[in-house]
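Residue-level structural notes
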Amino acid sequence: MKQKVIYSGIQPSGIMTLGNYIGAVNEWREIQNEENNFCIFEVADLHTITVRQDPAALRKNSLDMLALLLAAGIDFKNSILYLQSHVHEHSELSWLLNCYTYVGEMNRMTQFKEKSEKHADNINMGLMDYPVLMAADILLFKTDVVPVGIDQRQHLEIARDIALRFNNIYGDTFTVPEARVRKMGAKIASLQNPLAKMSKSDPNPNAVIGVLNSEKEIISKIKKAVTDSGSEIIYDPENKPGVSNLLTILSIARKQDMDSLVKEFEGKMYGHLKIATAEAVVEMLRPFRERYEEFRSDEWYLMQVAKYGAERASVIAEKTLKEVKEKIGFVL
Ligand code: AQP
């Protein structure tokens with residue numbers, strides 16, 4: 001049976017949040033262990049500069065993210081793990097795909113609209129072009145499946161449209177990728193606004209749990225989480241988004257199904273749920289944090305991992321890019 005290519009990425013734009021961990025990275029580890037999958041994971045540093053970055057911080061955050069992914073159990077030998085900027089074919093394919101993407105399509109992207117509002121002083125072309133670079137990431141590896149959180153669904157649709165458009169003009173070239181959105185945890189909400197996603201760039205530190213936050217910080221933030229009116233603990237994301245967010249986090253951290261969890265909290269108060277959630281998150285992250293310190297302390301090792309990943313990614317990327325250029329009609 002043909003191996004399935006799985007591709008996903010994360011930006012080194014700051015800390016890794018509990019949302020990133022639950023919605024993406026934790027699942028990557030599981031997918032990587034499923035039979036017949038070949039996984040490729042990128043630290044998406046080219047995407048990161050769509051918002052202005054301090055050079056020293058970008059370098060540090062990129063290595064931090066690499067160490068975080070290793071600590072989370074990403075297997076850099078069986079899967080491919082690399083820094084996006086080390087594989088130049090991403091930028092090159094992105095330019096080519098730009099010529100098969102319409103400005104109107106990019107204008108409609110929710111993330112572009114949101115980020116344009118948030119960074120009104122720097123609405124650069126890269127911000128608008130973000131989905132095309134993401135399409136290039138995915139299509140370069142002839143990806144079958146892309147695990148994403150709900151926030152990235154629209155971008156994946158565009159990647160599919162671009163692939164289909166190119167294939168229609170030039171014949172079968174790209175694999176048309178499918179999204180894989182997890183049933184539970186695809187949108188971990190902000191602890192201070194349960195209607196918004198938990199975001200790296202949220203200015204309110206109480207809204208976001210960083211995976212490297214101390215146990216004390218995690219407990220304090222979850223205790224301060226905004227809950228809903230009433231006192232019943234039920235899973236109802238529409239009417240009780242705050243409580244449902246905590247239940248989701250608890251269910252994933254404890255690997256316990258939602259029905260038995262809700263039963264366990266029958267007749268109990270929100271405070272009980274908060275304490276249980278905080279304890280479960282602390283437990284889930286403790287071994288991860290310890291492993292992180294080990295990986296992060298050896299920068300030479302991290303650079304070897306990045307180099308090894310980029311070399312293997314480049315072999316595939318180069319082949320696809322050559323095929324695309326040939327089809328377009330460039331003299332090779
Ligand atoms: N809150 C979330 N719940 C579930 N999944 C999430 N993801 C992000 N936030 C949540 C998923 O994590 C992966 C990596 O995403 P990213 O690097 O684009 O990170 P981000 O935190 O979403 O970065 P942003 O959007 O640049 O940060 P903000 O919003 O702070 O400006 C993706 O699979 C994503 O779906």
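This one's a predicted model, so the numbers in the text were calculated from it and none came from an experiment.

**Comments concerning the nonpolar core**
One finds Met16, Leu18, Tyr21, Leu69, Leu81, Leu285 and Phe288 to be the most contacted residues of the largest nonpolar core, which totals 63 residues. Considering every element that reaches this core, the biggest residue donor is helix α12 (residues 270-296), with eleven residues. In this structure Phe288 touches Met16, Tyr21, Leu68, Ala71, Ala72 and Val211, once residues within four positions along its chain are discounted.

**Thoughts on the pattern of salt bridges**
Pairs may arise between side chains of opposite charge once their charged atoms sit close together. By the definition in use, this model includes 17 salt bridges. Notably, a salt bridge pairs Arg180 with Glu27, separated by 3.5 Å at the nearest N-O pair. On the criterion of sequence distance, the pair formed by Arg180 in strand β5 (residues 178-180) and Glu27 in helix α1 (residues 18-32) is long-range, its members being 153 residues apart. Taking the relative accessible area as the measure of exposure, Arg180 reaches 26% and is therefore partly exposed. Looking at Glu27, the relative accessible area reads 6%, which means it is buried. Residues joined in a network through salt bridges with shared partners are Arg59, Lys60, Asp64, Arg296 and Glu299.

**A closer look at helix α9 (residues 215-223)**
When we look at burial in α9, the residues that qualify are Ile218, Lys221 and Ile222. The buried residues of α9 all sit within an arc of 95° when viewed along its axis, so they share a single face. In the core, the buried residues of α9 are packed alongside α10 (241-254) and α12.

**Here we look at the environment of Lys263**
Locating Lys263 in the fold gives a position in helix α11 (residues 258-264). For Lys263 and Cys99, which are 164 residues apart along the polypeptide, the C-alpha to C-alpha distance reads 55 Å.

Calculation rules
- Residues numbered from 1 in each chain as written.
- Predicted model: local features only at pLDDT ≥ 70, side-chain atom pairs only at ≥ 80, totals over all residues.
- Heavy atoms only, no water.
- Core = buried A, V, L, I, M, F, W, Y, C linked by side-chain atoms within 4.5 Å.
- Buried < 20%, exposed > 50% of the residue type's maximum accessible area, 1.4 Å probe, protein only.
- Helix = DSSP H or I, 4+ residues; strand = E, 2+ residues; numbered from the N terminus.
- Contact = heavy atoms within 4.5 Å.
- Salt bridge = Lys/Arg side-chain N within 4 Å of Asp/Glu carboxyl O.
- Arc of directions from axis to C-beta.

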